[in-house]
Amino acid sequence: MVIVTHSGKFHADDAWAVAALKILFPQAQVVRTRDAAIVEAADFAVDVGGIWDPATGRFDHHQKGFCGARATGVPYASAGLVWKEYGARCVSALAAAHTGTTLADDRAVEMAHAIDADVVQYLDLSDVGAAKNAPGGYGLSAVVSGFNPNWLDEQRVGYGDADAAYRLSQFTRAMELLTDIMINAVKYRVGALLSVEQVRQATVLDDGRVLFLENGALPWAQVVRKEMPKVMFVISHNIAEQRYMIHTIPVSPDSFKARADLPDAWAGLRDAQLAAVTGVADAGFCHNGRFIASAKSYEGIRSMAAQALQALGQ
């Protein structure tokens, strides 16, 4: 099997698209060329060839008249075109390989859509010149572009076949980075999915205002935010560090604003200073932003939670 993409400078959209295909077809050969005969003979042609036809493995968006776009209006480039066709299969394969989880088809589709919304659409927007995916020069598209050889590399390596070989090696490195991003995106979402029931079944304390998680590594924020409006604080056991934490509940995924903050008097204190203010001998720290604090013992963190609730009443 052969996957062809264009030679010369590469971008994040073609690197993501080829990386996704390589996950599903790991034995496929990647060829970077603009030779029409090689493109036509390939099993997949990505970002080259002037055809969009998933049934024949054609995923270009440069041709005249192309107007493919998401329902939101965000236009497709090659990353989105391949992900639209193969994203759910890619998610399923990565979930099985890296978490041992077999996803239902509808769940894989849901995760693929979420990854498109979080990552892929921004690669497409950057490629078509509609938007950057982050300010400055360190959005993901810019980072991938930085793998391209510059003029100093060209002088050092040479031109012609030497340049093509070096550029292919850099393209492969960019694909490896994007593959890791895909893996992490899937692992995060599978982890969140598998944690839901455990969070729902966690112990509720203090008349429903405190939730206790025996494993602090569980992703809990979405479930608590959506399903547990009465909970003001989450306490958890950080098993790896053998300490207990108290967390505030963010009102939205991208906000530090919380349903309730930890007491103002705790802000920025550590160890003996925090112990003196709280009366908890094994108190560890409280973040200056008052959204997280710690103690070595369960009894200590329970006492801090009680004080935080009392401060709300005042």
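How each quantity is defined
- Residues numbered from 1 in each chain as written.
- Predicted model: local features only at pLDDT ≥ 70, side-chain atom pairs only at ≥ 80, totals over all residues.
- Heavy atoms only, no water.
- Phe/Tyr/Trp six-rings, centres within 6.5 Å; stacked < 30°, edge-to-face > 60°.
- Helix = DSSP H or I, 4+ residues; strand = E, 2+ residues; numbered from the N terminus.
- Buried < 20%, exposed > 50% of the residue type's maximum accessible area, 1.4 Å probe, protein only.
- Axes fitted to C-alpha atoms, helices over the stretch in contact; angles between N-to-C directions.
- Parallel < 35°, antiparallel > 145°, perpendicular 65-115°, else oblique.
- Contact = heavy atoms within 4.5 Å.
- Pairing = 2+ DSSP bridges.
- Salt bridge = Lys/Arg side-chain N within 4 Å of Asp/Glu carboxyl O.

Some points on the packing of aromatic side chains
Stage number 1. Throughout the structure, instances matching the rule amount to 10 aromatic pairs.
Stage number 2. Relative to Phe 44, the ring of Phe 25 lies with its centre 5.3 Å away and its plane at 35 degrees, an arrangement referred to as tilted. Placement of Phe 25 in the loop between helix H1 (12–24) and strand E2 (29–32) and of Phe 44 in strand E3 (residues 44–46) is noted, with a sequence separation of 19 residues between them. Of the two residues, Phe 25 and Phe 44, both sit in the buried class.
Stage number 3. Between Tyr 244 and Tyr 298 the ring centres are 5.9 Å apart and the planes differ by 65 degrees, which places this aromatic pair in the edge-to-face class. A residue pair is termed long-range when its members are at least 10 positions apart, and Tyr 244 in strand E9 (residues 243–248) and Tyr 298 in helix H10 (residues 298–313) qualify at 54 residues.
Stage number 4. Exposure remark for Tyr 244: the relative accessible area of 16% places this residue in the buried category.
Stage number 5. Classification of Tyr 298 as partly exposed rests on a relative accessible area of 27%.

Focus on the packing of H1 against helix H4 (residues 105–127)
Stage number 1. The N-to-C vectors of H1 and H4 enclose an angle of 135 degrees; their axes lie 8 Å apart at closest approach. Judged by the angle between their axes, H1 and H4 are oblique. Across the interface between the two elements, Ala 12, Asp 13 and Trp 16 from H1 touch Ile 115, Val 119, Val 120, Leu 123, Asp 124 and Asp 127 from H4.

Regarding the pairing of strand E10 (residues 283–286)
Stage number 1. Relative to strand E11 (residues 292–295), E10 is paired through two bridges, and the arrangement is antiparallel. Within the sheet, the bridge partner assigned to Ala 283 lies in E11 and is Ala 295.
Stage number 2. Between the antiparallel neighbours E10 and E11 lie five residues, among them Arg 290 with a positive phi of about 60 degrees.

Concerning the pattern of salt bridges
Stage number 1. Under the criterion given, the structure shown has 14 salt bridges.
Stage number 2. When the shortest N-O distance is used, the salt bridge between Glu 197 and Arg 200 registers 2.6 Å. Note that Glu 197 and Arg 200 are positioned in helix H7 (residues 161–200) at a spacing of three residues, about one turn of the helix.
Stage number 3. Linking Asp 261 and Arg 290 is a salt bridge whose minimum nitrogen-to-oxygen distance equals 3.9 Å. On the criterion of sequence distance, the pair formed by Asp 261 in the loop between E9 and helix H9 (271–278) and Arg 290 in the loop between E10 and E11 is long-range, its members being 29 residues apart.
Stage number 4. Bridged by salt links that share partners, the residues Arg 70, Asp 116 and Asp 124 form one connected network.

What about the sheet that holds strand E4 (residues 52–53)?
Stage number 1. The five strands lie next to each other as E2-E1-E3-E5-E4, forming an open sheet whose pairing is mixed. Strands with a single pairing partner mark the edges of an open sheet, and in this sheet they are E2 and E4.
Stage number 2. As paired elements, strand E1 (residues 2–5) and E3 share three bridges and run parallel to each other. By the bridge assignment for E3, Ile 3 is matched with Phe 44.
Stage number 3. Packed on one face of the sheet, H7 meets E1 and E2 and runs near 125 degrees to E2.

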